Amino acid sequence: MKAFGNYHPATLMIYFISVLLVAMFVSNLVLQLLSLSGAILFSVMLQKRSEILGNIGFYIPLFLLIAITNPLFSHNGVTPLFFLNGNPVTFEAIIYGIAIAVMIVGVMIWFKCYGEIMSSDKFLYLFGKAIPKLSLVLSMAFRFIPLFKRQLQKVNKAQKALGLYSSKSFMDKLRSSSSVFMAMISWSLENSMDTSDSMKARGYGLKGRTTFTLFRLYSDDIVLMTLCVSLMAITFTGIATGLTDFHYYPYISNLNRSPSAIIIYIAFGTISFLPFVIEVKEALAWKYYISKI
Amino acid sequence: MKKRLLFGLVILIILVVIFSGMMLFKDKQYAWISISVAVLACVPFFLQFEKRNNDIKKLVLIAVMVSLSVISRIIFTPLPGFKPVTALVVITAMYFGSEAGFMTGALSAVISNFYFGQGPWTPFQMLIWGLIGFFGGVFAKRLLESKFDLAMYGVLSGIVFSSAMDTWSVLWVDGSFNVSRFLTTVIASSQFMIIYAVSNVIFLLLFSKPIGKFLDRIKTKFQL
């Protein structure tokens, strides 16, 4: 289910940019944990069960690898725990390793969610007006890729029937696949030139042509956008005034537990968990309507 | 006058973005600067491309080369690092100039990441592949004439691509340039660096002649 994905592309873009800015560039442990947990919950809602299992198998080892190797690179910190090859392994370095693992895995999962939500049509819609020629090239490329893939399979089958790919040696494979690729290139170049002629004939680039889109800005979008921008303003004020300052070296600083800092944590936490909440709400509504039928 | 004003405004916005980011993200300011510079460095190329009165045929041709390089990246997924993307970008640049080269490189990075996953690495891949294409166009004459120069260019772009990625990841993780982590990353990814360089050379030598023939033909047939 993609309830969050039904919002307007501009709303989604503002949302992802604000979350990613904090997730990537702020080193406060609380904010990082909030971002990671928001990302995990959101991606669980977006993905199938089999995908989730695969992701767990990828992200947990990655997390451990980053966390464990950090003390080997950095010997800063004032609390040595033990010595390894004459170099101190400090408590601070271990904690910092865990913190950067939280950050990296969090950012990667956020980008995964971004990829799931921001499909190419939304991307093109957003940038189409600002960069018309580039987005034309992009949208043509998005169309050509599946077209060429299909053509590639056709050429491949035909070549196989003619006796290519018969031996198992690497050079032979490289040679046969590159000759198939060559056939592809000449076909696609010639074919695409027809496309450009037909575009010209239909008046591409003339004044007054409009493009069709399905996206409309609803009142829900305005609400979400306003909420997102205002919560982000609160978060950034907190960051700018040093409320969320946090450092690991030479010793780990105390977490700021003042009420104003807690407001910042709540503000960013709300942003981080927003997509999850929207997805859950939609899923519940769906279940409820089904049970009524 | 209006143009100059607009230019000044753009510069001002860029400076404001970079400096406010530096103030906000004190611990990660190097990562912030490098990623903003990577994004912003692409902007002039894109604007130039928008402004120039390019023929539709050229736009379609760039789209074709981008799709071919994305497909080649998909075909070669089983062999990590062993990809003809750089070779295709350089060949496009050799025959159609720096601008087409930059566009093919940068757009291949964006589009192929729709299939492989976007990430903080996207702006860097865009910039590096774009620049590989750009300089491929600048040195087009030498690359066309000498196979040795072509191979050297392939090796160089493999090394640049790999080490740029390593530098970025160190800056992001540590917030500063941690030499020991950089060296470890370089050693850990040296295998990829070698694969990049070797595959670039193989594909450039293998493809430059035949694809060049096609592109030359297209050039004369459709008067590009």
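The shown structure was predicted, so the numbers you read here are calculated from the model rather than taken from an experiment. (Residues numbered from 1 in each chain as written. Chains lettered and ligands numbered in written order. Predicted model: local features only at pLDDT ≥ 70, side-chain atom pairs only at ≥ 80, totals over all residues. Heavy atoms only, no water.)

1. Notes on the overall build of chain B
- Helix and strand content of chain B: 9 helices and 0 strands.
- For chain B, the α and β elements follow one another from N to C terminus as α-α-α-α-α-α-α-α-α.
- Taken over the C-alpha trace, chain B has a radius of gyration of 19 Å; the compact-globule value for 224 residues is 17 Å, and the two agree within 12%.
- When burial is assessed residue by residue, chain B has 54% of its 224 residues classed as buried.
- In chain B, of all internal contacts separated by at least 6 residues, the share reaching a separation of at least 24 is 72%.
- Element-wise, carbon and sulfur atoms account for 73% of the exposed surface of chain B, whose accessible area totals about 10100 Å².
- Of the charged side chains in chain B, 20 are positive and 9 negative; the average position of the first set lies 6 Å away from that of the second. (Helix = DSSP H or I, 4+ residues; strand = E, 2+ residues; numbered from the N terminus. Rg over C-alpha atoms; globule rule 2.2 N^0.38 Å. Buried < 20%, exposed > 50% of the residue type's maximum accessible area, 1.4 Å probe, protein only. Contact = heavy atoms within 4.5 Å. Areas by Shrake-Rupley, 256 points an atom, 1.4 Å probe, with all protein chains shown as cover. Lys, Arg positive; Asp, Glu negative; His and termini not counted. Charge placed at Lys NZ, Arg CZ, Asp CG, Glu CD.)

2. Here's the deal with the domain arrangement of chain A
- Along its sequence, chain A is carved into domain 1 (4–123 + 215–292) and domain 2 (135–201).
- Each of domain 1 of chain A and domain 2 of chain A was reduced to a C-alpha centroid, and the two centroids are 41 Å apart. (Domains from an automatic or database assignment.)

3. Some words on the packing of aromatic side chains
- Within the structure shown, the criterion is met by 36 aromatic pairs over all chains.
- Note on phenylalanine 192 of chain B and tyrosine 196 of chain B: the rings are 6.4 Å apart at their centroids and 45° apart in plane angle, and the pair reads as tilted. Placement of both phenylalanine 192 of chain B and tyrosine 196 of chain B in helix α9 (residues 190–221) is noted, with a separation of 4 residues, approximately one turn of the helix.
- Among the residues examined, phenylalanine 192 of chain B registers a relative accessible area of 30% and is labelled partly exposed.
- Three or more aromatic residues joined by ring pairs make a cluster, and in this case those are Phe4, Tyr7, Tyr15, Phe16, Phe42, Trp110, Phe111 and Tyr114 of chain A. (Phe/Tyr/Trp six-rings, centres within 6.5 Å; stacked < 30°, edge-to-face > 60°.)

4. Comments concerning a nonpolar patch on the surface
Residues and elements named next belong to chain B.
- On the surface, Leu6, Leu9, Val10, Leu12, Ile13, Val16 and Val17 cluster together into a nonpolar patch covering about 620 Å² of accessible area.
- In this structure, valine 16 sits in helix α1 (residues 2–24).
- The class for valine 16 is partly exposed, based on a relative accessible area of 49%. (Patch = residues over 30% accessible without salt bridge, like charges linked within 9 Å, V, L, I, M, F, W, Y side chains within 5 Å. Salt bridge = Lys/Arg side-chain N within 4 Å of Asp/Glu carboxyl O.)

5. A word on the nonpolar core
- Counting 140 residues, the largest nonpolar core has Phe4, Tyr15, Phe16 and Trp110 of chain A as the members making the most contacts within it.
- Excluding anything up to four places from it in sequence, tryptophan 110 of chain A contacts Tyr15, Phe16, Val19, Leu20, Ala23, Ser35, Gly38, Ala39, Phe42, Ser272 and Pro275 of chain A. (Core = buried A, V, L, I, M, F, W, Y, C linked by side-chain atoms within 4.5 Å.)

6. Topic: the side chain of glutamate 50 of chain B
- Along the chain, glutamate 50 of chain B falls in helix α2 (residues 29–51).
- Lysine 133 of chain A provides the closest opposite charge to the buried, salt-bridge-free glutamate 50 of chain B, at an N-O distance of 5.6 Å.
- With residues up to four places along the chain from it excluded, the contact list for glutamate 50 of chain B reads Ile131, Pro132, Lys133 and Leu134 of chain A.

7. Side note on helix α4 (residues 91–117) of chain A
- Between the first and last C-alpha of α4 of chain A there are 39 Å, a value that for 27 residues agrees with the 39 Å anticipated at 1.5 Å per step.
- Judged by how many residues are buried, α4 of chain A sits mostly within the fold: 19 of 27 residues are covered. (Expected span 1.5 Å × (residues − 1).)

8. A few points about the interface of chain B and chain A
- With 63 residues of chain B in contact, the opposing surface of chain A contributes 57 residues.
- Summed over both partners, the interface of chain B with chain A buries about 5500 Å², with 79% contributed by carbon and sulfur atoms.
- Considering only the side of chain B, the residues that lose the most area to chain A are Glu50, Ile56 and Trp172 of chain B, jointly responsible for 12% of the buried surface there.
- Remark: the boundary between chain B and chain A carries 2 salt bridges.
- Here glutamate 190 of chain A ties to arginine 217 of chain B by a salt bridge, and the two come within 2.3 Å at their closest N and O atoms.
- The tally of links from chain B across to chain A stands at 7 residue pairs in polar contact (both at pLDDT 80 or more).
- Listing elements by their share of the side of chain B that touches chain A, those giving two or more residues are α2, α3 (56–75), α4 (85–116), α7 (147–174), α8 (179–188) and α9 of chain B.
- With 16 residues, α3 of chain B is the largest single contributor of residues to the side of chain B that touches chain A.
- For the side of chain B that touches chain A, the per-class residue count stands at 42 nonpolar, 9 polar and 12 charged. (Buried area = accessible area lost by both parts, 1.4 Å probe. Polar contact = N/O pair within 3.5 Å; in protein donor to acceptor, adjacent residues only side chain to side chain. Nonpolar A, V, L, I, M, F, W, Y, C, P; charged D, E, K, R; others polar.)

9. Notes on the packing of α3 of chain B against α4 of chain B
All names here are of chain B.
- Relative to each other, α3 and α4 sit at 55°, their axes nearing to 7 Å. It follows that α3 is oblique to α4 by the angle criterion. In terms of crossing hand, the pair formed by α3 and α4 is right-handed. (Axes fitted to C-alpha atoms, helices over the stretch in contact; angles between N-to-C directions. Parallel < 35°, antiparallel > 145°, perpendicular 65-115°, else oblique. Left-handed = near helix turned anticlockwise from the far one by under 90°.)

10. Here we look at the pattern of salt bridges
- Taken as a whole, this structure holds 4 salt bridges over all chains when the rule is applied.
- In this structure, glutamate 190 of chain A engages lysine 221 of chain B in a salt bridge whose closest nitrogen and oxygen atoms are separated by 2.9 Å. Placement of the pair is glutamate 190 of chain A in helix α7 (residues 170–201) and lysine 221 of chain B in helix α9, with the two residues belonging to separate chains.
- Residue classification places glutamate 190 of chain A among the partly exposed positions, given a relative accessible area of 21%.
- With relative accessibility at 46%, the residue lysine 221 of chain B sits in the partly exposed group.

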